[in-house]
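# Results of the structural survey
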Amino acid sequence: MIALSDLVFRWPRQTSPCLDMPGFALAAGERVFLHGPSGSGKSTLLAVLGGVAVPERGRVELLGQDIVALAGHRRDAFRADHIGFIFQQFNLLPWLSARDNVLLPCTFSARRHGRAGDPPAEATRLLERLDLAESLWDKPAAELSVGQQQRVAAARALIGKPEILIADEPTSALDAERQQAFIDLLLTEAAAVGATLLFVSHDQRLAAHFDRVLSLADINRAAMGGEA
Amino acid sequence: MKAVLLLALKSAWARRLTLGIALIAIALASALLLAVERVRHDARQSFTQSISGVDLVVGARTGGVQLMLYAVFHSGSATSNIRWDSFEAIATHPAVAWAVPLSMGDSHRGHPVVGTHADFFAHFRYADGRPLAFATGAPFAEVFEAVLGSEVAQALGYRTGDRITLTHGMVELGPDHDDKPFTVVGVLAPTGTPVDRAVHVSLEAITAIHLDWAGGAPLPGLVIPAEHVQKFDLQPKEITAMLVGLKSRADVFRLQRHINGYRGEPLLAVMPGVALDELWRTLATVERTLFALSALVVLVGLAGLTATLLAGLNERRRELAILRALGASPQAIFLMLTVEGLLVTALGVLAGTALLAVGIVTLAPLAQAHFGVHLSLRPPSGNELALLMSILATGLLASLAPGWRAWRMALTDGLTPRN
Ligand SMILES: Nc1ncnc2c1ncn2[C@@H]1O[C@H](COP(=O)(O)OP(=O)(O)OP(=O)(O)O)[C@@H](O)[C@H]1O
Ligand SMILES: [Mg+2]
């Protein structure tokens, strides 16, 4: 499902690479927890997996397709079609309603639109599943609490059943109790759509319910360490 | 594509306050530019159309521009007059078809009084050869009769049959000729030329009201009542200028040379078209400077737009990164930004056009009264449309920079949050 080999990545003006990875793989439907200290390159790895950052060298195979070899617009389309993203915070377009935020992937990807069936109905279903009060659906995202925003973001990542879910510290802005509840919800939903989930955090205490736990230091030779 | 444009609109609406300020700046700037263009055009129009069908304007020897200014535009005054026998000599020259004398110096409530012959109304032409027409009444026939330009009648509310008195000199509070009132016998139709602002009386009347005057003041102890003036010789000894029409236009240079070399006194003959061009050229630098300044103001307005968009990009990094992550191509991001800038420019230009219309409606009477410039409300001319288009094009250029930056930024920023 996700296979990465012989990967080297460096940001512009960086002297030593940020990522130098011999390889690692995720099986279809697998739910993996990846941890590492702050600044160690977790978000960078996700950017490379999402095809937003292009590595100097190496293969990034998603669903059997090497996205590094794809032309820019094909990579954008691939990402829209197959990957659902949840970020640490500031996930939503603040001026768009919660419902329209959930529907966004369907406007950029015909495939996700198709797989969602009836997108507005699917958005409603997901928002209900994620326990967001109906009175909030048509409010601008900026007026929701952080926890509510993260649930909307999860609904957005799940709509149209993408094969790959990538979550970059989606719980760091939540309190401990809600963190666990959110992760449980995400795990259940990922299982329901059969998605492969890569969950990134520096907080190892959250790892409990995942199929597998990875440390970035174990798969990344460029031990810049980070500062935390 | 449609979805992206819709998103661009929603996003812009969310930032309507800052964008609105940029829009207002652009609206004001384009209204200013349009106004300068409009005034320039209308002023030039009033100018070049002010006289036609007259082959030569003759006055005492000064500059051609100055002669035109006082003889045609009633602005400034002649340094010296021309003698009556010079007028007769030119009027009877074999090449001359007609000649009309002009005598200036008095006024009526700020409006210039022109002493002339009744022929003036027959020979004077303006615009592309249009003759003067009477809205009401007819040319003067008696000494104390006056014909008003349309603006005088309108501004002061006169109709035929009303009585008016003239004032000596051009100041509104100068000494009055109130012992010799005039009857309004005709009002001219509007022409958009200085004729509209003038009060026309016979040359004899000018002599008559000055019979008991000397050196710009009434002679003490001497009063000649209006009913007695006919006993005097009312033939003037001097006039201010004259308009000449030729039998054949081909003679114009010959006669001009003849008049400029006239032996009786130093005279100057100018061809109105040539002199108007020269006059316009002296104004053209002012006009061009104004235009350049307002174009600069437009540029400043658009630079403000670029600055607003660029500053907005910083707060929108996250928003754009999210859109990228959801599958928006860099081209789509570029499009969003550029469309936004273009939209603000277009709305600004529209608002500017509306602002100009409002400005013209409210300020036209003022401009007419104080500067004699007639501003008309009309749809934008070809020239103005071209200006509007170039503002839009510059607006597009101004939006390309933020668009390009967003394109670059969206890629490198990616998903790594930084604040
Ligand atoms: N857009 C970027 N441009 C240049 N350098 C970057 C960029 N994003 C990250 N980096 C650098 O790459 C390194 C890894 O950053 P990254 O964001 O991947 O860390 P992280 O593991 O996600 O940290 P955190 O837990 O704090 O989110 C850092 O040294 C950072 O300075
Ligand atoms: Mg990170």
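The model shown is predicted, which means the values in this text are computed figures rather than measured ones. (Residues numbered from 1 in each chain as written. Chains lettered and ligands numbered in written order. Predicted model: local features only at pLDDT ≥ 70, side-chain atom pairs only at ≥ 80, totals over all residues. Heavy atoms only, no water.)

## Observations concerning the pattern of salt bridges
All names here are of chain B.
- Scanning the model with the defined rule gives 25 salt bridges over all chains in all.
- Of the charged contacts in the structure, one is a salt bridge between R40 and E287, with a shortest N-O distance of 2.8 Å. Placement of R40 in helix 2 (residues 16-48) and of E287 in helix 9 (residues 272-325) is noted, with a sequence separation of 247 residues between them. Just as R40 is buried, E287 falls in that class too.
- Between E319 and R316 there is a salt bridge, with its nearest N and O atoms 3.4 Å apart. Taken as a pair, E319 and R316 lie in helix 9 at a separation of 3 residues, close to a single helical turn. Per residue, the accessibility class of E319 equals that of R316, and both read buried.
- Salt bridges linked by common partners bring R15, R316, E319 and E340 together as one network. (Salt bridge = Lys/Arg side-chain N within 4 Å of Asp/Glu carboxyl O. Helix = DSSP H or I, 4+ residues; strand = E, 2+ residues; numbered from the N terminus. Buried < 20%, exposed > 50% of the residue type's maximum accessible area, 1.4 Å probe, protein only.)

## Concerning the pairing of strand 8 (residues 196-201) of chain A
Residues and elements named next belong to chain A.
- Judged by how many residues are buried, strand 8 sits mostly within the fold: 6 of 6 residues are covered.
- Burial along strand 8 is two-sided: T196, L198 and V200 and L197, F199 and S201, pointing in opposite directions, are all buried.
- Pairing of strand 3 (residues 31-35) with strand 8, which is carried by 5 bridges, proceeds in the parallel orientation. Residue pairing across strands places V32 opposite L198, the latter belonging to strand 8.
- As paired strands, strand 7 (residues 164-168) and strand 8 are joined by 5 bridges and run parallel to one another. Bridged to I164 within strand 8 is T196. (Pairing = 2+ DSSP bridges.)

## Details of the interface of chain B and chain A
- Tallying the contact residues gives 25 residues for chain B and 26 residues for chain A.
- At the junction of chain B with chain A, the criterion picks out 2 salt bridges.
- Of the charged contacts in the structure, one is a salt bridge between R324 of chain B and D76 of chain A, with a shortest N-O distance of 2.9 Å.
- For the pair chain B and chain A, the interface holds 4 residue pairs in polar contact (both at pLDDT 80 or more).
- Of all the elements in the fold, those that place two or more residues in the side of chain B that touches chain A are helix 1 (2-14), helix 9 and helix 11 (382-413) of chain B.
- Tallied by class, the residues present in the side of chain B that touches chain A amount to 14 nonpolar, 7 polar and 4 charged. (Contact = heavy atoms within 4.5 Å. Polar contact = N/O pair within 3.5 Å; in protein donor to acceptor, adjacent residues only side chain to side chain. Nonpolar A, V, L, I, M, F, W, Y, C, P; charged D, E, K, R; others polar.)

## Notes on the confidence of the model for chain B
- On average, residues of chain B carry a pLDDT of 86, and 94% of them reach 70 or more.
- Among the scores for the predicted complex, ipTM is 0.84 and pTM is 0.73. (pLDDT = per-residue confidence, 0-100.)

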